[in-house]
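# Summary of the model geometry
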Amino acid sequence: MIKTIVSTSLPIDERFTVKKNVTSHGTGKKRICIVSGTHGDELEGQFICFELQRQIQENLQLLDGTVEVYPALNPLGIDSITRGIPNFDLDMNRIFPGNPEGSMAEQTAYAIVEDLKGADMVIDIHSSNIFLREVPQVRINVSTADTLVPFARHLNLEFIWVHEAATVLESTLAHSLNSVGTPCLVIELGVGMRINHYYGYNTVKGLLNLMYEMGMWKEKPEGLVNEHPILSQGDEVAFVNASHSGIFSTETHNSSIVEEGQEIGQIISPLTGEVIEHVLAPARGFLFTIRAYPVCYEGSLLARIQKKP
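Keep in mind that what you see is a predicted model, and the values were worked out from it rather than measured.

On to the sheet that holds strand S11 (residues 246-249), then. With respect to topology, 4 strands assemble into an open sheet ordered S14-S13-S11-S16, the strand pairing being antiparallel. The open sheet is flanked by strand S14 (274-280) and strand S16 (295-296), the only strands paired with a single partner. Across 2 bridges, S11 lies against S16 in antiparallel orientation. Across the sheet, the residue bridging to Gly 246 is Cys 296, located in S16.

And the structure:
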């Protein structure tokens, strides 16, 4: 069943509309919500929403509860391939929990939070931006780690990153929901403006596996690939930043184990034909972020490594 959460008039007889698809079956009372499209240039969630709903409809007899899918919280951003809300110069994930008396964007954020409240679990799916490629991972604020990490372990993803609190997180959807007692996990995967089908299929398996563990799906999915994800806490992540400007050239792939001092790429100069910088791993560990966009400047993030002994 398609339901409209927000419908606001726009110029030239158009409307800004946020919709969800609600599927209920069986006698179970639990409710899981899958949201995506908060940033218009993050498209991995579009395929995940499609594939999840396809599999649920083909196996409806296995569902015992309610699944709600919100594929496009920022439909104008998706239409224009824009990270924020076009014409408002706003990052939608920085205005939650919204304001019922505020601007159109604030009213939309408020309506979304109110609609999601009370769910047994909310999964907020994001891609990376166009600059970085991320392995499929769950990101959890340290303040909610005790509650959320046990759920995150069932999502069939490679990596769980428990990170420190930051002021900007207070205006995200996940923080707003967790603050009112509605558990919300943030998934990040892939790269901006692209869809990785392998990542998508594995994430859908993870969502069904989580539903199975919650008692909402009657069969454990077959072929899970990451039942024991890497858990990162505290200062276990090493950041690799560029010391020079140039073109970042690398053949190193995500999900690989790198050694301390190993060259993971080079910053090169097309003008002079020289290598400006040999980019070395500062520690041994699991490479879970690598720069996808080659142009870099001094200070640009090139990689992130989960340190291993």
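The next point concerns the pattern of salt bridges. Tallied over the full model, the rule gives 13 salt bridges. With a closest N to O distance of 3.2 Å, Arg 31 and Glu 68 form a salt bridge. On the criterion of sequence distance, the pair formed by Arg 31 in strand S3 (residues 31-35) and Glu 68 in strand S4 (residues 65-70) is long-range, its members being 37 residues apart. Here Arg 31 matches Glu 68 in class, with each residue buried. Residue Arg 304 pairs with Glu 134 through a salt bridge whose shortest N-O separation is 2.4 Å. Of this pair, Arg 304 sits in strand S17 (residues 301-307) while Glu 134 sits in strand S6 (residues 132-141), placing them 170 residues apart in sequence. Each member of the pair, Arg 304 as well as Glu 134, is classed as buried. In this structure, a network of salt bridges that share partners links the residues Lys 20, Arg 31, Glu 68 and Asp 115.

A separate point is the environment of Leu 210. As for its placement among the helices and strands, Leu 210 is situated in helix H6 (residues 197-213). As for Leu 210 and His 253, which are separated by 43 residues in sequence, their C-alpha atoms are 28 Å apart.

Before going further, it helps to spend a moment on the environment of Val 35. Residue placement: Val 35 occurs in strand S3. Along the backbone, Val 35 and Ala 283 are 248 residues apart, and their C-alpha atoms lie at a distance of 35 Å. Those residues within four positions of Val 35 in sequence are excluded, and the remaining contacts are Tyr 70, Leu 73, Leu 116, Val 122, Ile 123, Asp 124, Ile 125 and Leu 173.

Scoring rules and cut-offs
- Residues numbered from 1 in each chain as written.
- Predicted model: local features only at pLDDT ≥ 70, side-chain atom pairs only at ≥ 80, totals over all residues.
- Heavy atoms only, no water.
- Pairing = 2+ DSSP bridges.
- Helix = DSSP H or I, 4+ residues; strand = E, 2+ residues; numbered from the N terminus.
- Salt bridge = Lys/Arg side-chain N within 4 Å of Asp/Glu carboxyl O.
- Buried < 20%, exposed > 50% of the residue type's maximum accessible area, 1.4 Å probe, protein only.
- Contact = heavy atoms within 4.5 Å.

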